[in-house]
Amino acid sequence: MTTEEPPPSADRLLAATLFNQVWELIEQPDRTRDDDDRMLHMAHASRHHWGAVGTAANVARGEWQCSRVYAVLRRPEPCLHHAQRMLDLCTENDIKDWDLAFAHEAIARAYAIAGDAQAAKREIDKALAVDIAADDDRALLLADLGTIPGQGPGPVI
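Calculation rules
Residues numbered from 1 in each chain as written. Predicted model: local features only at pLDDT ≥ 70, side-chain atom pairs only at ≥ 80, totals over all residues. Heavy atoms only, no water. Helix = DSSP H or I, 4+ residues; strand = E, 2+ residues; numbered from the N terminus. Buried < 20%, exposed > 50% of the residue type's maximum accessible area, 1.4 Å probe, protein only. Contact = heavy atoms within 4.5 Å. Phe/Tyr/Trp six-rings, centres within 6.5 Å; stacked < 30°, edge-to-face > 60°.

Colleague: Any chance you could explain unusual backbone geometry here in plain terms?
Modeller: Note on backbone geometry: most residues besides glycine have negative phi, and most peptide bonds are trans. Phi at D94 takes a positive value of approximately 55°, unusual for a residue other than glycine. One can find D94 in the loop between α4 (76–92) and α5 (97–114). On the basis of relative accessible area, D94 is assigned to the exposed category, the value being 55%. Not every positive phi belongs to a glycine, and D97 is a case in point at roughly 55°. Of the residues examined, D97 reaches a relative accessible area of 22% and is grouped as partly exposed.

Written as structure tokens, this is what we have:
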């Protein structure tokens, strides 16, 4: 009997690789229209592959990334759709901690880019109310909340 983990499946490898490549494009300051298209399609492809082999948390995080990409592209309706889908997955699968907080962060971001500051603030308050075990995860949430339009000094990403 071996204690080694089996090699990752092709789906798992693709899901993770695409997820990371999307982040590289999100952080790229001089994206072209073609880069934006690639970023969007890679986010959906990553989410698809997580749906094939991932846990409910992996799928929820894939929905979060799709939402973030739509936020970067300033497209509030699909941004809100994927953010709400993440929250639904968290609720249906009893996913808590930072995943639940980031579901509310994504919804807040969607409302903010749609121009609904009051709804965004309500979701930010919900995100802040979530119990997050690790201090570094709470710090990441606070930093991300600060990038929501109208909520802090940071850029929209």
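Colleague: Hey, could you run me through the environment of Q84 in this one?
Modeller: Relative to the elements of secondary structure, Q84 occurs in helix α4. In this structure, the C-alpha to C-alpha distance between Q84 and V22, residues 62 residues apart in sequence, is 20 Å.

Colleague: Explanation requested: the environment of L25 in the structure shown.
Modeller: Along the polypeptide, L25 turns up in helix α1 (residues 10–27). For L25, a relative accessible area of 4% puts it in the buried group. L25 sits 25 residues away from W50 along the chain, and the two C-alpha atoms are 20 Å apart. In contact with L25, other than residues within four places in its own chain, are R31, D35, R38, M39 and M42.

Colleague: Explanation requested: the packing of aromatic side chains in the structure shown.
Modeller: The geometry of an aromatic ring pair is captured by two quantities: the separation of the ring centres and the angle between the planes. Evaluated as defined, the whole model comprises three aromatic pairs. Residues W98 and F102 carry aromatic rings whose centres are separated by 6.2 Å and whose planes lie at 85° to one another, so their mutual orientation is edge-to-face. Taken together, the positions of W98 and F102, both in helix α5 and four residues apart, correspond to about one turn of that helix. Overall, F102 belongs to the buried group, its relative accessible area being 6%. Counting every residue linked through ring pairs, the aromatic cluster contains W23, W64, W98 and F102.

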